[in-house]
Structures are given as structure tokens and as C-alpha cells.
Amino acid sequence: QVQLVESGGGLVQAGGSLRLSCAASGRTFSSLNMVWFRQAPGKEREFVGGISWSASNTDYADSVKGRFTIFRDNGKNTVFLQMNSLKPEDTAVYYCGGRYGKYQYYTSRAAYEFWGQGTQVTVSS
């Protein structure tokens with residue numbers, strides 16, 4: 001089993017930056033493909049970005065491309081989401097997820113086996 005714990009959320013003004021962290025424990029983190037999703041009030045959970053277990057592949061939703069960056073430190077069992085140029089529409093609970101196997105560009109939450117509890121990000125205008 002894998003446990004994921006997000007941190008780093010908070011309140012920030014539009015145009016500002018935040019870095020989210022997702023720490024993993026349990027089975028081998030370096031074999032996990034990791035993703036970030038987000039869920040705004042009244043909306044479905046949506047894909048934000050993903051990174052392969054080797055960090056050789058990354059993918060992003062069009063809405064965050066060029067503003068958000070995913071990276072990982074396998075030595076620290078942690079994946080990060082650097083968010084720059086934040087907009088009010090980025091306000092949501094952000095979740096990290098993971099799955100084993102070959103990296104694929106899956107944007108459906110059903111594709112991921114493990115999830116954290118989420119961290120709130122609020123961007124004020």
C-alpha cells in the first residue's frame with residue numbers, strides 16, 4: 001500500500017506562486033507514476049499534470065501549461081507542483097495520485113490507484 005500526503009496549500013493573491021508537495025510512504029515511490037488533480041466547488045476532479053516514474057515524461061492540462069511545473073525527488077519520496085502566475089480560477093483542492101506500470105497520459109482519476117487527502121489552494125483577485 002502507498003500513503004500520500006499533500007502539503008503547501010494556502011491563500012495567495014493572483015499572480016503569486018505556491019509550491020505543493022506530496023510525500024509518499026509505503027511501497028517503492030521511484031516506480032510510481034504521479035499526477036496532480038484538482039477539484040473546485042461544484043466541479044469534477046480534473047487532471048492538472050503528470051510525471052513518469054523516471055521523470056523523463058511530463059504532461060500538463062492546457063489550462064496550466066506554461067505556468068505549472070511538476071518535478072520529483074525520488075530520494076525524498078516526494079513529488080512537487082510549482083504553481084506560478086496563479087489565477088482565481090486555479091482555486092481548488094489539489095490532490096496527488098499515483099499508479100504503477102508503464103507511464104501513460106491518463107487524465108481520468110479512475111486510472112490512479114493511490115490518492116492523498118488534498119490541500120486547499122485559494123487564489124484571491
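Everything numeric in this text was worked out from a predicted model, so none of it was measured. (Residues numbered from 1 in each chain as written. Predicted model: local features only at pLDDT ≥ 70, side-chain atom pairs only at ≥ 80, totals over all residues. Heavy atoms only, no water.)

Novice: With reference to specific residues and values, describe the pairing of strand 9 (residues 92-99).
Specialist: In terms of burial, strand 9 is a largely internal element, seven of the eight residues being buried. As paired elements, strand 4 (residues 33-39) and strand 9 share seven bridges and run antiparallel to each other. Counterpart to Trp36 in the pairing with strand 9 is Cys96. Direction of pairing for strand 9 relative to strand 11 (residues 119-124): antiparallel, over a ladder of three bridges. Looking at the pairing, Ala92 lines up with Val121 of strand 11. Taken together, the two bridges between strand 9 and strand 10 (residues 114-115) define a ladder with antiparallel strand orientation. Across the sheet, residue Gly98 finds its bridge partner in strand 10, namely Phe114. (Buried < 20%, exposed > 50% of the residue type's maximum accessible area, 1.4 Å probe, protein only. Helix = DSSP H or I, 4+ residues; strand = E, 2+ residues; numbered from the N terminus. Pairing = 2+ DSSP bridges.)

Novice: Which residues make up the pattern of salt bridges, and what are the values?
Specialist: What the rule picks out here adds up to four salt bridges. Its salt-bridge partner being Glu46, residue Arg38 comes within 2.7 Å of it at the nearest N-O pair. The closest approach of N and O atoms between Asp90 and Arg67, which form a salt bridge, is 2.8 Å. Linking Asp90 in the loop between strand 8 (78-83) and strand 9 with Arg67 in the loop between strand 6 (58-60) and strand 7 (68-73), this pair joins segments that are 23 residues apart in sequence. For the pair Asp90 and Arg67, one class covers both residues: buried. (Salt bridge = Lys/Arg side-chain N within 4 Å of Asp/Glu carboxyl O.)

Novice: Pulling in residues and values, what's your account of unusual backbone geometry?
Specialist: Despite not being glycine, Ala55 has its phi angle at roughly 70°, a positive value. Counting through the fold element by element, Ala55 comes out in the loop between strand 5 (46-51) and strand 6. Positioned with a positive phi, Asn77 is a non-glycine residue whose angle comes to about 55°.

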